[in-house]
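Single-letter residue listing:
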Amino acid sequence: MSYVNNLKMFVRVFELGSMSAAARDQRTSPAVASARIAELEKHLGVRLFNRTTRSLQPTESGRIFYEGAQNVLEAIDAAEAAVVDATQNPKGTIFVAAPLGVGRRFIAPHVPAFKDEYPQIDIRLRLSDRKVDVIGEGLDLAFHLGPLEDSTLKVRVIADCPRLLCAAPSYVERRGNPENGEALVKDRHDCLILRFPGAREFQWTLRTPDGPRRYDVSGPYESDDGDVLTGWALDGRGIVMKPWFEVAEHLRQGRLVPVAEATPPLPTQFVCLTQHRRFTDPKIRLFTDFIVARCKAQLARETEGIQLPR
């Protein structure tokens, strides 16, 4: 399998553009990664990368070889999947990403139960509210909450998610309840902004009688962690945009109240994204089916009794 391991390392170096990043991805050292690439270059009799102290770029031969190497690895994955008894002996490692809040509440709690049922499958879960690159980061699947860009990924919808603007009663008492998006901007309400590289939430798109409109909201608080924003809202620091399921219990208990109800946010979606070629892997299908079913049941419980907007 040493040649296959060399191919895997080459593909990850090519995709990540870094020997050290590829080594971390493959759970080995940069020295081992470099040795594997050198062994592959010796076998092929060509240089696959041009290396300097500051950069690593694929050669023309490297670009040509990348497509073929991908095809070989995909064929191996497909062949292994074809002979695995998916119901009796699934095994391997699944790399998963999810947003912080969603991951903590809806994904991580169910991983141990999945592991108990399928003890030979290991789960590597990464939680972050930043935008993830499923293909570039070598993920098997990613859970995503928010608008979807055009993608070649396979999309499985877990739930359509109405959203609302809400604040603590103490904030409303101090600053008033803005009627709509116009009031948010005109009265300079403190809006709690989710901001990270590539984020778009600092411009809130709200539904108006004339159709969706983007409002340039502002405020003194920003974070790349959605749960931090919820905490600030509960502390009376401002207005937050949230899917209903994330704040359903706070609404039920009166810790948060809806605001600017004349112009609610556009709904969003909670989805699972998978590379098409990897969804044929039995262990990935098993994990996806297991988590999606648990998420749907949990969402139904947590929003029970809450009147959701249409």
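Residues numbered from 1 in each chain as written. Predicted model: local features only at pLDDT ≥ 70, side-chain atom pairs only at ≥ 80, totals over all residues. Heavy atoms only, no water.

Undergrad: Which parts of the structure should I look at to understand the overall build of the protein chain?
TA: Along its length, the protein chain carries eleven helices and 14 strands. Looking at the protein chain as a whole, 44% of its 310 residues are labelled buried. For the protein chain, the proportion of contacts with a sequence separation of at least 24, taken over those separated by at least 6, is 75%. Measuring between centres, the 42 positive side-chain charges of the protein chain sit 3 Å from its 40 negative side-chain charges. (Helix = DSSP H or I, 4+ residues; strand = E, 2+ residues; numbered from the N terminus. Buried < 20%, exposed > 50% of the residue type's maximum accessible area, 1.4 Å probe, protein only. Contact = heavy atoms within 4.5 Å. Lys, Arg positive; Asp, Glu negative; His and termini not counted. Charge placed at Lys NZ, Arg CZ, Asp CG, Glu CD.)

Undergrad: What should I look at first to understand the sheet that holds strand E13 (residues 257-259) in this one?
TA: Paired through their backbone hydrogen bonds, the strands of a sheet run either parallel or antiparallel. Taken in spatial order, the three strands make up an open sheet running E12-E7-E13, and their pairing is antiparallel. Strands with a single pairing partner mark the edges of an open sheet, and in this sheet they are strand E12 (240-243) and E13. The average undirected angle you get between the axes of adjacent strands in this sheet is 55 degrees. Sheet topology note: the strand E7 (residues 163-167)/E12 ladder contains four bridges and is antiparallel. Residue Cys166 lies in a different strand from E12, and its bridge partner there is Val240. Packing of helix H10 (residues 244-253) onto the sheet brings it into contact with E7, E12 and E13, and relative to E12 it is tilted by some 105 degrees. (Pairing = 2+ DSSP bridges. Axes fitted to C-alpha atoms, helices over the stretch in contact; angles between N-to-C directions.)

Undergrad: Mind showing me how you'd approach the pattern of salt bridges here?
TA: Two side chains of opposite charge can pair, provided their charged atoms sit close to one another. Applying the stated criterion across every chain, the model contains twelve salt bridges. Residue Glu41 is joined to Arg51 by a salt bridge in which the shortest nitrogen-to-oxygen separation is 3.4 Å. Remark: Arg51 occurs in strand E1 (residues 49-51) and Glu41 occurs in helix H3 (residues 30-44); sequence separation between them is ten residues. On the basis of relative accessible area, Arg51 is assigned to the partly exposed category, the value being 34%. Between Asp227 and Arg104 there is a salt bridge, with the nearest N and O atoms lying 2.9 Å from each other. On the criterion of sequence distance, the pair formed by Asp227 in helix H9 (residues 226-234) and Arg104 in helix H5 (residues 100-107) is long-range, its members being 123 residues apart. Residue Arg104 is classed as partly exposed on the basis of its relative accessible area, which comes to 42%. Linked by salt bridges that have partners in common, Arg12, Glu15 and Asp25 make up one network. (Salt bridge = Lys/Arg side-chain N within 4 Å of Asp/Glu carboxyl O.)

Undergrad: Where do I start with the packing of helix H1 (residues 2-16) against H3 in this structure?
TA: Helix-helix packing is described using two parameters, namely the angle between the two axes and the distance between the axes. Interaxial distance between H1 and H3 falls to 9 Å at its minimum, and their mutual angle equals 110 degrees. The angle between H1 and H3 falls in the class roughly perpendicular. Residue-level inspection shows Tyr3, Asn5, Asn6, Leu7, Met9, Phe10 and Val13 of H1 in contact with H3, the latter providing Ala33, Arg36, Ile37, Glu39, Leu40, His43 and Leu44. Grouping the constituent residues of the contact of H1 with H3 by class yields nine nonpolar, three polar and two charged. (Parallel < 35°, antiparallel > 145°, perpendicular 65-115°, else oblique. Nonpolar A, V, L, I, M, F, W, Y, C, P; charged D, E, K, R; others polar.)

Undergrad: Sorry, what's going on with the packing of aromatic side chains here?
TA: For any pair of aromatic rings, the description consists of the separation of the ring centres together with the inter-plane angle of the planes. Inspection of every chain in the model, using the stated rule, returns twelve aromatic pairs. Between Phe14 and Tyr66, the ring centres sit 4.0 Å apart and the planes meet at 10 degrees, which makes this aromatic pair stacked. Linking Phe14 in helix H1 with Tyr66 in helix H4 (residues 60-83), this pair joins segments that are 52 residues apart in sequence. The class of Tyr66 is buried, set by a relative accessible area of 14%. Grouped by ring-pair contacts, the aromatic residues Phe10, Phe14, Phe49, Phe65 and Tyr66 constitute a single cluster. (Phe/Tyr/Trp six-rings, centres within 6.5 Å; stacked < 30°, edge-to-face > 60°.)

Undergrad: Explanation requested: the sheet that holds strand E14 (residues 268-274) in the structure shown.
TA: Reading across the sheet, the five strands line up as E4-E3-E5-E14-E6 and stay open at both edges, with mixed pairing between neighbours. Both edges of this open sheet fall to strand E4 (121-127) and strand E6 (154-161), since each of them pairs with a single strand only. Between one strand and the next, the sheet's axes are offset by a mean angle of 15 degrees, whatever the strand orientation. By the bridge criterion, two bridges tie strand E3 (residues 92-98) to strand E5 (residues 141-145) in an arrangement that is parallel. For Ala97, the partnering residue across the bridge sits in E5 and is Ala142. In the packing of helix H11 (residues 282-302) onto the sheet, contacts are made with E3, E4, E5, E6 and E14, and the angle to E6 comes to roughly 5 degrees.

Undergrad: Which parts of the structure should I look at to understand the pairing of strand E10 (residues 211-216)?
TA: Successive residues of a regular strand alternate their side chains across the two faces of the sheet. Relative to E10, strand E9 (residues 203-208) runs antiparallel, the two sharing six bridges. Considered in E10, the bridge of Trp204 is made with Tyr215. Counting the residues that bridge the hairpin from E9 to E10 gives two residues.

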